[in-house]
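Structural features, examined
Read off the chains here:
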Number of protein chains: 2
Amino acid sequence: MLMVVDLTHEALLLAGRARTLAAEAKKEFAAVLNKVDENTELFLRRELAAAGIPVPGALNFSRGINRANLVGEPLPTVEMRDKLKELFV
Amino acid sequence: MLMVVDLTHEALLLAGRARTLAAEAKKEFAAVLNKVDENTELFLRRELAAAGIPVPGALNFSRGINRANLVGEPLPTVEMRDKLKELFV
């Protein structure tokens, strides 16, 4: 089970709960960070490590994706392709 | 009727629909921008103006609020107080 964790306290709390449920169901559980920068990535990795949740990868905040999401254009995912390959291969 | 519009295309579309509903109910309708910077404020103001939606105010992206929202602390609203007074007095 792979959960996306973004920059909110709620996402962290939810990850903790999901981890418990996954453990009860005997499923592996991990979190991928989303929209992080250096500081927030460090903070989230520390918090999740403390909760026993592995973080196999992180997607950085992208100005291009943010812009496309605002104007309603298709998301430019090219820049994320390598990161996603890392995660899913 | 006052709607908060953040930096997504969905929020813009939703504001358009809400404006129509408000007009049918003969209610005034306006939008307040949230988490904007100079560029995004300009873009959203232009789009909303084109849709006939007044924008009486805008709250800027705040690193402090973002941080508090991440670590689960009370939001530091002091910096927004003047802006909010402008809007609601």
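Residues numbered from 1 in each chain as written. Chains lettered and ligands numbered in written order. Predicted model: local features only at pLDDT ≥ 70, side-chain atom pairs only at ≥ 80, totals over all residues. Heavy atoms only, no water.

Residue and element names in this part refer to chain B. One open sheet accounts for three strands, arranged S1-S2-S3; its pairing is parallel. Across the chains shown, the open sheet's two edge strands, defined by having one partner strand only, are strand S1 (2-5) and strand S3 (57-60). Strand-to-strand twist across the sheet, computed as the mean angle between neighbouring axes with direction ignored, equals 20 degrees. Where strand S2 (residues 30-36) meets S3, four bridges bridge the pair, whose relative direction is parallel. Following the sheet pairing, Asn 34 is matched in S3 by Leu 59. Set on the sheet, helix H4 (residues 78-88) makes contact with S1, S2 and S3; between it and S3 the angle comes to about 165 degrees. (Pairing = 2+ DSSP bridges. Helix = DSSP H or I, 4+ residues; strand = E, 2+ residues; numbered from the N terminus. Axes fitted to C-alpha atoms, helices over the stretch in contact; angles between N-to-C directions. Contact = heavy atoms within 4.5 Å.)

Unusually for a residue other than glycine, Lys 35 of chain A sits at a positive phi of about 65 degrees. Structurally, Lys 35 of chain A can be placed in strand S2 (residues 30-36). Lys 35 of chain A sits in the partly exposed class, given a relative accessible area of 44%. Positive phi, normally seen in glycine, also occurs at Lys 26 of chain B, with a value near 55 degrees. For Lys 26 of chain B, the position within the fold is in the loop between helix H1 (9-24) and S2. By relative accessible area, which is 77% here, Lys 26 of chain B ends up exposed. (Buried < 20%, exposed > 50% of the residue type's maximum accessible area, 1.4 Å probe, protein only.)

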